[in-house]
Amino acid sequence: EIAFYENKFVDINEKVVPIQERGHQFGDGIYEVVRVYNGQPFLLEEHLERFQKSADAIELVLPFPKEKITAIIDEGITRSEMKEADVYFQLTRGIAPRQHNYPECPAVFSMTVRKARPISNREKGISVITLEDERWLNCYIKSLNLLPNIIAKQKALKNGHGEAILVREGIVTEGSSSNVFAVKDGKLYTHPATKRILHGITRAKVMQLAKELRIPLVEKEFTTDFLKNADEAFITSTSAEVMPIHTIDDTVLPVDRPISSMLVEEFVKLYHHHAMK
Ligand code: PMP
């Protein structure tokens with residue numbers, strides 16, 4: 001495992017963040033997580049694009065060109081000597097005396113390359129609980145401020161579930177760290193890419209795969225009841241990939257999942273193919 005802070009590679013356990021770092025004191029920053037398959041970062045361009053969008057949304061300026069991020073990530077993967085890894089990178093507003101308004105200092109980039117977390121059994125799937133979405137209204141920004149997400153995830157895991165599904169005013173938005181899809185009568189449903197959800201890279205890929213497979217896609221809000229009455233449901237994320245849901249609160253979904261299985265299979269093919277290059 002390897003880490004990078006500001007301008008150099010460091011040991012992952014080294015204490016390098018100054019007390020007056022904006023990320024440390026305010027969570028004033030943004031991040032990305034990229035999956036590495038067979039030594040190759042998957043969908044890196046898409047992640048870099050979203051990173052830039054998040055940065056722009058909070059007026060954060062990259063301290064160096066985007067190409068340097070790619071170079072740091074590539075060097076990190078090489079140094080880590082890992083084939084299956086998660087690359088985490090973030091940008092904070094920098095190091096300055098604590099004050100709420102933006103200081104005049106360069107943003108700080110940091111990164112870690114860590115062993116990929118094992119994913120749950122896809123055949124079995126996961127159970128989920130629904131919880132009130134208590135987050136702010138700009139969830140499309142991949143902000144370091146994850147307190148509501150962490151609290152929701154903790155509640156889910158403490159009660160033996162794999163994910164918390166967030167619900168705002170009766171509408172299913174997304175998971176605490178994933179996007180949510182439902183299948184009903186052969187059609188695939190997911191929340192539209194508004195400010196209420198993170199525009200997941202995996203979500204976009206799955207939507208693209210659905211189009212290629214000619215599965216009708218409906219990007220429209222749906223309720224908790226709709227999700228519980230779905231024929232199939234699954235979450236998507238960089239680390240969970242495409243993960244079927246078998247139970248929502250006390251509602252058990254059908255074991256037969258033809259469309260989810262097809263999308264799982266195609267998604268796995270996609271990164272296998274990518275990793276072979
Ligand atoms: N929503 C939230 C709130 C997340 O934290 C994540 C994971 N980063 C996702 C959705 C899934 O996004 P992606 O597919 O880009 O990992």
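Reading the values: the criteria
- Residues numbered from 1 in each chain as written.
- Predicted model: local features only at pLDDT ≥ 70, side-chain atom pairs only at ≥ 80, totals over all residues.
- Near = placed C-beta within 6 Å.
- Helix = DSSP H or I, 4+ residues; strand = E, 2+ residues; numbered from the N terminus.
- Nonpolar A, V, L, I, M, F, W, Y, C, P; charged D, E, K, R; others polar.
- Domains from an automatic or database assignment.
- Contact = placed C-beta atoms within 7 Å.
- Axes fitted to C-alpha atoms, helices over the stretch in contact; angles between N-to-C directions.
- Parallel < 35°, antiparallel > 145°, perpendicular 65-115°, else oblique.
- Left-handed = near helix turned anticlockwise from the far one by under 90°.
- Core = buried A, V, L, I, M, F, W, Y, C linked by C-beta atoms within 7 Å.
- Buried ≥ 20, exposed ≤ 12 C-beta atoms within 10 Å, placed from the backbone.

(A) Local environment of the site of the ligand. Taken together, 14 residues surround the ligand, and among them Leu-198, Gly-200, Ile-201, Thr-202 and Thr-238 come closest. Mapped onto the shell around the ligand, the elements with two or more residues apiece are helix 5 (201-212) and strand 13 (232-237). Looking at the shell around the ligand, the element that brings in the most residues is helix 5, giving three residues. Residues of the shell around the ligand, tallied by class, amount to three nonpolar, nine polar and two charged.

(B) Seen up close, the domain arrangement of the protein chain. Split into domains, the protein chain comes out as domain 1 (2-115) and domain 2 (126-276). Across the contact, 22 residues belong to domain 1 and 13 residues belong to domain 2. Looking at the side of domain 1 that touches domain 2, the elements that each hand over two or more residues are strand 3 (29-37), helix 2 (44-57) and strand 5 (85-92). Across the side of domain 1 that touches domain 2, the residue classes break down as nine nonpolar, eight polar and five charged.

(C) Region of the structure containing the packing of helix 5 against helix 7 (residues 258-276). At a minimum axis distance of 10 Å, the contact between helix 5 and helix 7 shows a crossing angle of 110 degrees. Here helix 5 is positioned roughly perpendicular relative to helix 7, judged by the angle of their axes. Of the two elements, helix 5 crosses helix 7, and the hand of that crossing is right-handed. Contact residues: Lys-205, Val-206, Leu-209 and Ala-210 in helix 5; Leu-263, Glu-266, Phe-267 and Leu-270 in helix 7. By residue class, the composition of the contact of helix 5 with helix 7 is six nonpolar, no polar and two charged.

(D) Seen up close, the nonpolar core. Judged by nonpolar contacts, the single largest core of 31 residues is most densely connected at Val-128, Phe-181, Ala-182, Val-206, Ala-233, Phe-234 and Ile-245. Not counting residues within four places of it along the chain, the set of residues in contact with Phe-234 comprises Phe-181, Val-242, Met-243, Pro-244, Ile-245 and Ser-260. Ala-3, Leu-60, Ile-77 and Ala-107 belong to the second-largest nonpolar core, a separate cluster that totals 22 residues.

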